[in-house]
Number of protein chains: 2
Amino acid sequence: MDEQWMGEAIELAQKAAEAEDTPIGAVIVYEGRVIGRGYNKRNALGNSLAHAEIEAINEAAGVIGDWRLEETTMYVTLEPCPMCAGAIVQSRMTKVVIGAMNPKAGCAVSVVNLLQHDGFNHRAEVVSGVRQEECANLMKTFFAKLRERDKAAKQGGAEHGEEQSTGSN
Amino acid sequence: MDEQWMGEAIELAQKAAEAEDTPIGAVIVYEGRVIGRGYNKRNALGNSLAHAEIEAINEAAGVIGDWRLEETTMYVTLEPCPMCAGAIVQSRMTKVVIGAMNPKAGCAVSVVNLLQHDGFNHRAEVVSGVRQEECANLMKTFFAKLRERDKAAKQGGAEHGEEQSTGSN
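Caption draft 1: Quick look at the packing of helix 3 (residues 52-64) of chain B against helix 4 (residues 82-90) of chain B. Residues and elements named next belong to chain B. Put simply, helix 3 and helix 4 touch, their axes get as near as 9 Å, and they point 25° apart. Comparing their axes, helix 4 and helix 3 come out roughly parallel. In this structure, helix 3 meets helix 4 at a crossing whose hand is left-handed. Facing helix 3, whose interface residues are Glu-53, Ile-54 and Ile-57, helix 4 presents Met-83, Cys-84, Ala-87 and Ile-88.

Here's what the structure looks like:
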């Protein structure tokens, strides 16, 4: 089942890529059904809070009708950042299933382990590497396209004697 | 000026207490004016994301029109939790001014220092202890009232031969 739910998260990540946001998707599963879905909309909405995990938690809290999301599992294509890992701890989710790791900012294992930190009053079970290659490839493809576009923009700008910005990170 | 802006955060925290949520308030200041306000509504909205800092960041992003909140300062009555500290780093805020510390879950100093972590690509300046006693007293008074109410409810319940819950954390 983990592979299937991660598939839903991957589909959501693709929606982010289509809108030119970093392709990250997340679903929250409770009693065998999805109660929260999200994909990264940081650039689309101009809001640092609009990460996939935050959107999914927001929807799930509405469905459950409480801030406690106990007995739920999040499937997310990329290892959560500090904000999202903190939100997972705050909402007392039981389990987090991760696709690809994020060595630069991940807070399940990579930079700090917030999901299983002794200092907090909640710890989540963590499973990683589910459909890892597909999740990592989403990111690689996205950033390769961005670099190509930046290069093309710079060449175009040089021809016209000006610098151009793509508006990407 | 720090004392004055913290005063606005304290007023917001009092609104949270009136609604029976843990009294935490935050404002975000940019170029000498407040562009984001928030107070804790976790119980009121049944949503773990409804922390004071998140509400303030959400409003500020709308005002600035971008996810980057560079050159802004947050004034917050209590040391931010992991989620909120992460959100501050994600939105690249310049400075965070803290009232009281939170030894159980604070992520500026107490449990983990997320605001100035070498592993992330942004670090915020941190000032703490501004109107500390007032901020700490807000919390003490709130929890003392909760304990009294719990005690009264238990006594009432015992008289009626039943247990009662206050719905508090």
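Caption draft 2: Just the sheet that holds strand 3 (residues 72-78) of chain B, in detail. Residue and element names in this part refer to chain B. Strand order in the open sheet formed by five strands is 2-1-3-4-5, with mixed pairing between adjacent strands. The open sheet terminates on both sides in strands that have one partner only, identified here as strand 2 (33-39) and strand 5 (125-128). Averaged over all neighbouring strand pairs, the angle between strand axes comes to 15°, with direction disregarded. Direction of pairing for strand 1 (residues 25-30) relative to strand 3: antiparallel, over a ladder of five bridges. Residue pairing for strand 3: Val-27 is matched across the bridge by Tyr-75. Lying on the sheet, helix 3 is in contact with strand 1, strand 2 and strand 3; it crosses strand 2 at an angle near 145°.

Caption draft 3: Representation of the relation of the copies chain B and chain A. Overlay of chain B on chain A (RMSD 0.0 Å): rotation 180°, translation along the axis 0.0 Å. Here the copies are linked by what is in effect a two-fold axis. Residue B:Met83 of chain B places its C-alpha closer to the rotation axis than any other residue of that unit, at 2.1 Å. Here 100% of the contact residues of chain B are again contact residues in chain A; the copies associate through an equivalent surface.

Caption draft 4: Quick peek at the packing of aromatic side chains. All names here are of chain A. Applying the stated criterion across every chain yields a total of two aromatic pairs over all chains. An angle of 80° between the planes, with centres 5.3 Å apart, marks the rings of Phe-142 and Phe-143 as edge-to-face. In this structure Phe-142 comes out as buried when scored by relative accessible area, which is 12%. Across the ring face of Tyr-39, the terminal group of Lys-41 is positioned such that the distance to the ring centre comes to 4.7 Å.

Caption draft 5: Expanded view of the pattern of salt bridges. Taken as a whole and judged by the stated rule, the model has ten salt bridges over all chains. The shortest N-O distance in the salt bridge between A:Arg68 and A:Asp66 comes to 2.9 Å. With relative accessibility at 23%, the residue A:Asp66 sits in the partly exposed group. Between B:Glu70 and B:Arg92 there is a salt bridge, and its shortest N-O distance comes to 4.0 Å. Here the residue B:Glu70 occupies a position in the loop between helix 3 and strand 3, and B:Arg92 occupies one in the loop between helix 4 and strand 4 (95-100), the gap between them amounting to 22 residues.

Caption draft 6: Seen up close, the interface of chain B and chain A. Contacts between the two partners involve 32 residues from chain B, matched on the other side by 32 residues from chain A. The interface formed by chain B and chain A holds zero salt bridges in total. Taken together, the connections running from chain B to chain A amount to six residue pairs in polar contact (both at pLDDT 80 or more). Counting residues per element, the ones that place at least two in the side of chain B that touches chain A are helix 2 (42-45), helix 3 and helix 4 of chain B. Tallying contributions element by element places helix 4 of chain B first for the side of chain B that touches chain A, with five residues. Partitioned by chemical class, the residues of the side of chain B that touches chain A number 15 nonpolar, 13 polar and four charged.

Rules and cut-offs
Along each chain, numbering runs from 1 in the same order as the chain's sequence is written. As they are written, the chains are lettered A onward and the ligands numbered 1 onward, keeping that order. The predicted nature of this model means local features are confined to residues of pLDDT at least 70 and side-chain atom pairs, given and counted, to a pLDDT of 80 or more, with totals for whole chains, interfaces and linings taken over all residues. The side-chain numbers reported here are obtained from all heavy atoms of the structure, hydrogens and water having been left aside. Lines fitted to the C-alpha atoms define the axes, with helices restricted to the stretch that makes contact. Angles between their N-to-C directions range from 0 to 180 degrees. The helix count covers DSSP runs of H or I at least four residues long, the strand count covers runs of E at least two residues long, and both are numbered beginning at the N terminus. Roughly parallel refers to an angle under 35 degrees, roughly antiparallel to one over 145, roughly perpendicular to one between 65 and 115, and oblique to any angle outside these ranges. The hand of a helix crossing depends on one turn: near helix anticlockwise from the far one by less than a right angle means left-handed, and clockwise means right-handed. We call two residues in contact when some of their heavy atoms are within 4.5 Å. For two strands to be treated as a pair, DSSP must find no fewer than two bridges joining them. The atoms used to superpose the copies are C-alpha atoms, taken from residues with pLDDT of at least 70 in both, and the fit is least squares. For this analysis, a ring pair means two rings from Phe, Tyr or Trp (six-membered ring only for Trp) whose centres lie within 6.5 Å, classed as stacked if their planes differ by under 30 degrees, edge-to-face if by over 60, and tilted for the remaining angles. Throughout this description, buried means an accessible area under 20% of the type-specific maximum (1.4 Å probe, protein chains only), exposed means over 50%, and partly exposed covers the range between. Comment: the charge-over-ring label is applied if NZ (Lys) or CZ (Arg) is within 6 Å of the ring centre and within 35 degrees of the ring normal. In what follows, salt bridge is the name for a side-chain nitrogen of Lys or Arg lying within 4 Å of a carboxyl oxygen of Asp or Glu. What qualifies as a polar contact is a pair of N or O atoms within 3.5 Å, subject to a donor-acceptor requirement within protein and to the restriction that residues adjacent in sequence count only when both atoms come from side chains. Three classes are used: nonpolar for Ala, Val, Leu, Ile, Met, Phe, Trp, Tyr, Cys and Pro, charged for Asp, Glu, Lys and Arg, and polar for all others, with Gly counted as polar.

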